[in-house]
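Descriptive analysis of the structure
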Amino acid sequence: MRYALIAILALLALLIIAPPLLGTGWQYALINALIAALFAAAFNLLVGQGGMLSFGHAAYFGVGAFTVIHLMQSVEYGDIPFPTVLLPLAGAAVSLLCGALAGFFATMRSGVYFALVTLALAELLHSLAPHWDEMFGGEAGLSSMRMPSLGFTFGSTLEVYYLTLSWVVICIGLLYAYTRTPFGRLTLALRDNEQRIRFMGFNAHGTKIVVFAISAMFSGVAGSLMAISNETANYSVFSTQVSALVVLHTFVGGSTIFFGPIVGACVLSLFTFVVSGVTHSWMLYQGIIFVLVMLFAPKGIGGVIQAHIEQRHALPWKRLAAPYALATLAGLMVACATVFVVQSLEIVLSREYAAAVARTGEYAPYTVFAREWQVFHPFTWLFPVLLLVPGLYLLRRAFARIKALWDKDDDDDNGDVPAATQQLMEGGR
Amino acid sequence: MEFLIVSTLNGVIYGMLLFMVSAGLTLIFGMMGVLNFAHASFYMLGAYFAYTLSGLFNFWVGLIVAPLLVAIIGMFIERYMLRRVHAHGHAHELLLTFGLVFIFEELIKLFYGDFPVNYQRPDYLNFAIFNLFGTDYPFYRVFIGLVALLMFIVLFVLLTRTRVGMVVRAAERLPDTARALGHNVPMVFLGVFGAGAALAGLSGAVAGAFFPTNPNMALELGVIVFVVVVVGGLGSLAGSLIASLLIGVFSSFAVGLDWSLASLFGLIGLGDWANSLGGLVTMPLSSISATVPFLLMLIVLLVRPAGLMGSKN
């Protein structure tokens with residue numbers, strides 16, 4: 001616990017000190033990562049702790065964003081004085097109300113039906129927004145300007161970054177504090193056994209509404225911060241893509257651990273920032289990562305880390321080191337092969353390449369991994385196969401060995417290996 | 001009158017197409033409890049495979065082979081992915097298929113590019129079957145309807161009149177008992193998943209030659225197909241047929257009508273007051289036609305979650 005606190009403080013210090021040394025591009029990427037982290041943490045309150053899988057959380061994110069844009073416009077035209085730093089409060093309030101209303105209806109159903117109600121609500125907004133000019137500014141959306149307040153001009157990305165950082169840290173702190181309250185424990189109980197909650201005399205439906213509304217409120221804060229950072233919002237904030245992305249972030253990070261979704265959101269959004277500059281296929285890589293996590297580590301990155309921390313005294317680290325290194329190497333080989341094939345296809349099958357072939361009549365060599373490749377040279381396509389086949393074989397061997405070592409430890413430890421780890425290990429078979 | 005007949009015809013045929021896609025989805029849900037997010041991706045894959053095959057061979061080869069390829073992909077997903085995460089519950093299965101949607105969409109973009117491809121029906125299918133009020137009605141629309149109708153009849157006969165259908169229905173209702181009686185239930189699941197995928201692939205292959213074939217088609221149709229299966233009742237084949245026709249006819253009518261809530265108020269003499277409100281109240285039906293299916297879905301979920309014909313909740 002003490003180590004966790006030190007790690008968090010160190011990370012926080014880094015987040016405060018580092019950005020002025022970075023370029024505007026990275027500052028902007030960090031803002032987006034922080035917003036995604038808050039959104040995922042808010043979403044996880046509903047999904048991971050409340051046990052309600054929503055496919056329409058973009059609705060509350062978007063409501064927060066549009067509320068703030070409207071308010072910013074009023075401030076800009078001098079109708080209402082409102083300090084820029086407190087704008088997310090307004091987004092939070094409106095999202096809370098919308099969340100309570102939507103939550104009342106959505107939580108009447110559970111399981112797949114709950115997911116479908118939330119999906120329908122978000123799609124309703126998404127299909128309505130482009131036609132409702134007064135409220136959502138039609139297809140173009142609404143835009144405004146950040147006004148100076150409390151001595152800050154909010155003209156530079158850096159100032160917006162610190163504003164975002166403060167709000168995200170406060171909100172994630174509040175969300176963490178929530179899990180420690182009696183109501184937070186009740187939320188967990190709701191997930192585990194709703195019927196028992198009712199027998200104990202709690203109002204299950206009412207509790208669900210409150211959880212839904214609080215989750216919507218913090219999503220609204222995230223949306224507000226997005227609106228402040230972009231100074232614009234259009235109907236696409238309600239799109240399925242936004243709802244989908246938060247699901248991806250949360251489950252890659254691991255929904256059963258509080259910090260899982262935050263880790264997932266930061267890792268994936270920074271991954272997107274780096275990769276989307278290099279390739280169009282970044283969404284494909286993200287999809288592959290998500291599916292692999294679902295298949296082999298159902299509790300996400302967070303679950304794997306947690307399992308290792310819990311077992312740190314019992315694990316034979318010295319004997320594990322070799323198979324872990326082998327697994328990393330084999331994983332890199334497989335990843336390299338996949339990236340090579342995808343990137344090659346992206347270039348060779350592109351319109352530009354086809355046009356160049358039609359113009360010059362020859363298949364020009366292309367560059368991947370800083371090396372030139374001939375399209376019809378056998379080695380070009382032998383190369384990924386040579387990486388992939390041994391890579392997969394070694395990966396299986398390594399995971400079989402890792403599993404054997406974990407299982408042996410399992411016997412000494414009354415069989416108390418967390419489920420996530422066992423599932424992770426099964427990946428090797 | 002012209003509007004009425006043409007819209008009804010278009011609506012019914014669009015509805016039949018929706019039914020082709022949703023039949024597999026509802027069958028799979030009824031049986032395995034898996035709401036397959038990637039189902040509309042099978043529809044897209046069917047269209048793209050048929051496009052490639054019709055370029056290499058001819059249109060009919062595409063129409064027949066593309067669904068088979070999609071079925072193979074579907075069975076692979078069921079056997080090696082869904083079955084693996086089955087132990088972690090339905091939510092995980094849902095999430096897995098959700099991830100697959102992205103992979104399929106991006107793979108299609110990778111291979112075919114992020115723009116519509118020119119998948120065309122052969123010229124000899126490109127004629128007017130009859131003349132309605134001076135406009136030619138394309139034969140191909142009727143062809144889509146006929147394929148869907150044929151598929152419905154085959155499916156219906158297969159499920160209710162044959163031994164295979166009996167085993168499938170038994171495995172759906174009481175999987176444990178069916179297993180105890182010596183039927184290979186996982187094999188049945190695999191078959192149903194493959195058949196459902198093939199149906200979606202077939203509808204993609206047929207419809208792709210008429211409607212645009214682009215990487216967004218899965219997403220666009222996918223949400224509407226969800227509305228259909230929910231309104232019809234998850235797991236009910238007859239329900240999804242009715243709901244498909246309902247939504248098909250509705251969407252083809254809605255684009256041509258400029259009714260609004262204000263005109264509804266006008267009927268009781270409050271038209272001027274309603275018009276002065278503006279906003280949602282004066283929005284014409286044609287511009288919010290995309291919204292109404294979701295409203296319908298929402299109402300059904302809240303009032304009667306079992307849907308029109310469903311029996312389970």
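Taking an unreviewed UniProt entry as the reference, chain B is identified by name as ABC transporter permease belonging to Alloalcanivorax balearicus MACL04. Of chain B, the UniProt comment under Sequence similarities (unreviewed entry) reads exactly: "Belongs to the binding-protein-dependent transport system permease family. LivHM subfamily." According to the UniProt record, the Subcellular location (unreviewed entry) comment for chain B reads "Cell inner membrane".

Chain A carries the name Branched-chain amino acid ABCtransporter permease in an unreviewed UniProt entry, which gives Alloalcanivorax balearicus MACL04 as its organism. Of the comments in the UniProt record for chain A, the one headed Subcellular location (unreviewed entry) reads "Cell inner membrane".

1. Side note on the overall build of chain A
Of regular secondary structure, chain A possesses 18 helices and four strands. On C-alpha atoms alone, chain A measures out to a radius of gyration of 24 Å, which is about the 22 Å that the 2.2 N^0.38 rule sets for 429 residues. Seen through its principal axes, chain A has C-alpha atoms that stretch 70 × 70 × 45 Å. Within chain A, buried positions represent 43% of all 429 residues. In chain A, 80% of the contacts between residues at least 6 apart in sequence involve partners at least 24 apart.

2. Let's talk about the overall build of chain B
What chain B contains, in helices and strands, is 13 helices and two strands. Looking at chain B residue by residue over its 313 residues, the buried ones come to 46%. Partitioning the intrachain contacts of chain B with sequence separation of at least 6 by distance along the chain shows that 75% fall at a separation of at least 24.

3. Details of the packing of helix 2 (residues 24-49) of chain A against helix 12 (residues 260-276) of chain A
All names here are of chain A. Contact pair helix 2 / helix 12: the axes reach a minimum separation of 8 Å and the direction vectors enclose 145°. Crossing hand, helix 2 versus helix 12: right-handed. Together, A29, N32, A33, A36, A37, F39, A40, A41, F43 and N44 of helix 2 and P261, I262, G264, A265, C266, S269, L270 and F273 of helix 12 make up the contact between the two elements. Tallied by class, residues from the contact of helix 2 with helix 12 come to 14 nonpolar, four polar and no charged.

4. Topic: the nonpolar core
Residues and elements named next belong to chain A. Ranked by internal contacts, the top residues of the largest apolar core, which has 196 residues, are A37, L38 and F39. When residues of this core are assigned to their parent elements, the largest contribution, 16 residues, is made by helix 2. Beyond its immediate sequence surroundings of up to four residues, A37 is in contact with V168, I262, A265 and C266. One finds A327, A337, F383 and A398 within the second-largest nonpolar core, a separate group that totals 11 residues.

5. Regarding the environment of C266 of chain A
Residues and elements named next belong to chain A. Tracing the sequence through the fold places C266 in helix 12. Judged by the 20 C-beta atoms lying within 10 Å of it, C266 falls in the buried class. Sequence spacing of C266 and A189 is 77 residues, and the spatial spacing of their C-alpha atoms is 28 Å. If near-sequence neighbours (up to four positions away) are discounted, C266 is found in contact with A33 and A37.

6. With respect to the interface of chain A and chain B
With 36 residues of chain A at the contact, the number on the chain B side is 38 residues. When contributions to the side of chain A that touches chain B are tallied by element, the ones reaching two or more residues are helix 5 (112-128), helix 11 (240-253), helix 13 (282-296) and helix 15 (317-348) of chain A. The element contributing the most residues to the side of chain A that touches chain B is helix 5 of chain A, with 10 residues. In terms of residue class, the side of chain A that touches chain B is built from 25 nonpolar, six polar and five charged.

7. Looking at the packing of helix 3 (residues 59-85) of chain B against helix 4 (residues 90-112) of chain B
Residues and elements named next belong to chain B. The interhelical angle for the contact between helix 3 and helix 4, taken along N-to-C directions, is 135°, at an axis separation of 8 Å. Accordingly, the angle class assigned to the pair helix 3 and helix 4 is oblique. Crossing of helix 3 against helix 4: the hand is right-handed. Along its contact with helix 3, which presents I77, M81, L82 and V85, the element helix 4 presents H92, E93, L96 and L100. For the contact of helix 3 with helix 4, a count of residues per class yields six nonpolar, one polar and one charged.

8. Focus on the UniProt feature "transmembrane region" (unreviewed entry) in chain B
Residues and elements named next belong to chain B. When the UniProt feature table is mapped onto this chain, "transmembrane region" (unreviewed entry) is found at residues 12-37, 57-82, 94-112, 139-159, 188-211, 217-238, 245-268 and 280-303. In this annotation, residues 94-112 is assigned 100% helix and 0% strand; the end-to-end C-alpha distance for the span is 27 Å. Helix and strand shares over residues 139-159 are 100% and 0% respectively, and the end C-alpha atoms of the span are 30 Å apart.

9. Topic: unusual backbone geometry
Residues other than glycine seldom take positive phi values, yet E231 of chain A does so here, at roughly 60°. For E231 of chain A, the position within the fold is in the loop between helix 10 (204-230) and strand 2 (232-233).

10. Section: the confidence of the model for chain B
Across chain B, the average pLDDT comes to 83, with 88% of residues at or above 70. Reported confidence for the predicted complex is 0.85 by ipTM and 0.86 by pTM.

11. Focus on the domain arrangement of chain A
Where interface size is quoted, it is often the accessible area lost as the parts come together. Segmenting chain A into domains produces domain 1 (2-307) and domain 2 (313-426). Using C-alpha coordinates to define each centre, domain 1 of chain A is positioned 32 Å away from domain 2 of chain A.

12. Some thoughts on the confidence of the model for chain A
Residues and elements named next belong to chain A. Per-chain confidence: chain A averages 84 in pLDDT, with 95% of residues scoring 70 or above. For chain A, per-element mean pLDDT is lowest for helix 18 (residues 419-426), which scores 47, and highest for helix 10, which scores 92. Low pLDDT, under 50, characterises residues 411-429; the predicted model gives this stretch 36 contacts beyond four residues in sequence or across chains.

13. As for the environment of V85 of chain A
All names here are of chain A. Relative to the helices and strands, V85 resides in the loop between helix 3 (58-76) and helix 4 (87-106). For V85, a count of 15 C-beta atoms within 10 Å translates into the label partly exposed. Remark: the alpha-carbon pair of V85 and S149, spanning 64 residues in sequence, is separated by 7.2 Å. Among all residues touching V85, those that are not within four sequence positions of it are S149, L150 and L163.

14. Considering the pairing of strand 2 (residues 135-138) of chain B
The pairing of strand 1 (residues 128-132) of chain B with strand 2 of chain B spans four bridges and is classified as antiparallel. By the bridge assignment for strand 2 of chain B, A128 of chain B is matched with P138 of chain B.

15. Details of helix 13 of chain A
Here helix 13 of chain A contains 15 residues, and its C-alpha end-to-end distance of 21 Å stays within 8% of the 21 Å for a straight helix at 1.5 Å per residue. Looking only at helix 13 of chain A, the buried set comprises M283, L284, Y285, Q286, G287, F290, V291, V293 and M294 of chain A. Summarising the contacts, the buried residues of helix 13 of chain A are in contact with helix 11, helix 12, helix 14 (300-310) and helix 15 of chain A together with helix 3 and helix 4 of chain B.

16. Some words on the pairing of strand 1 of chain B
Across the five residues that make up strand 1 of chain B, only a small minority, zero, are buried. Linking two consecutive strands that pair antiparallel, namely strand 1 of chain B and strand 2 of chain B, is a turn of two residues; a positive phi of about 50° is found at F133 of chain B within it.

17. A look at the environment of Q241 of chain A
Following the sequence through the fold, Q241 of chain A ends up in helix 11. Each C-alpha atom, one on Q241 of chain A and one on L142 of chain A, is 20 Å from the other, the two residues being 99 residues apart in sequence.

The rules behind the values
Residues numbered from 1 in each chain as written. Chains lettered and ligands numbered in written order. Predicted model: local features only at pLDDT ≥ 70, side-chain atom pairs only at ≥ 80, totals over all residues. UniProt positions renumbered as here; feature names shortened; annotations may be inferred. Helix = DSSP H or I, 4+ residues; strand = E, 2+ residues; numbered from the N terminus. Rg over C-alpha atoms; globule rule 2.2 N^0.38 Å. Buried ≥ 20, exposed ≤ 12 C-beta atoms within 10 Å, placed from the backbone. Contact = placed C-beta atoms within 7 Å. Axes fitted to C-alpha atoms, helices over the stretch in contact; angles between N-to-C directions. Left-handed = near helix turned anticlockwise from the far one by under 90°. Nonpolar A, V, L, I, M, F, W, Y, C, P; charged D, E, K, R; others polar. Core = buried A, V, L, I, M, F, W, Y, C linked by C-beta atoms within 7 Å. Parallel < 35°, antiparallel > 145°, perpendicular 65-115°, else oblique. pLDDT = per-residue confidence, 0-100. Domains from an automatic or database assignment. Pairing = 2+ DSSP bridges. Expected span 1.5 Å × (residues − 1).

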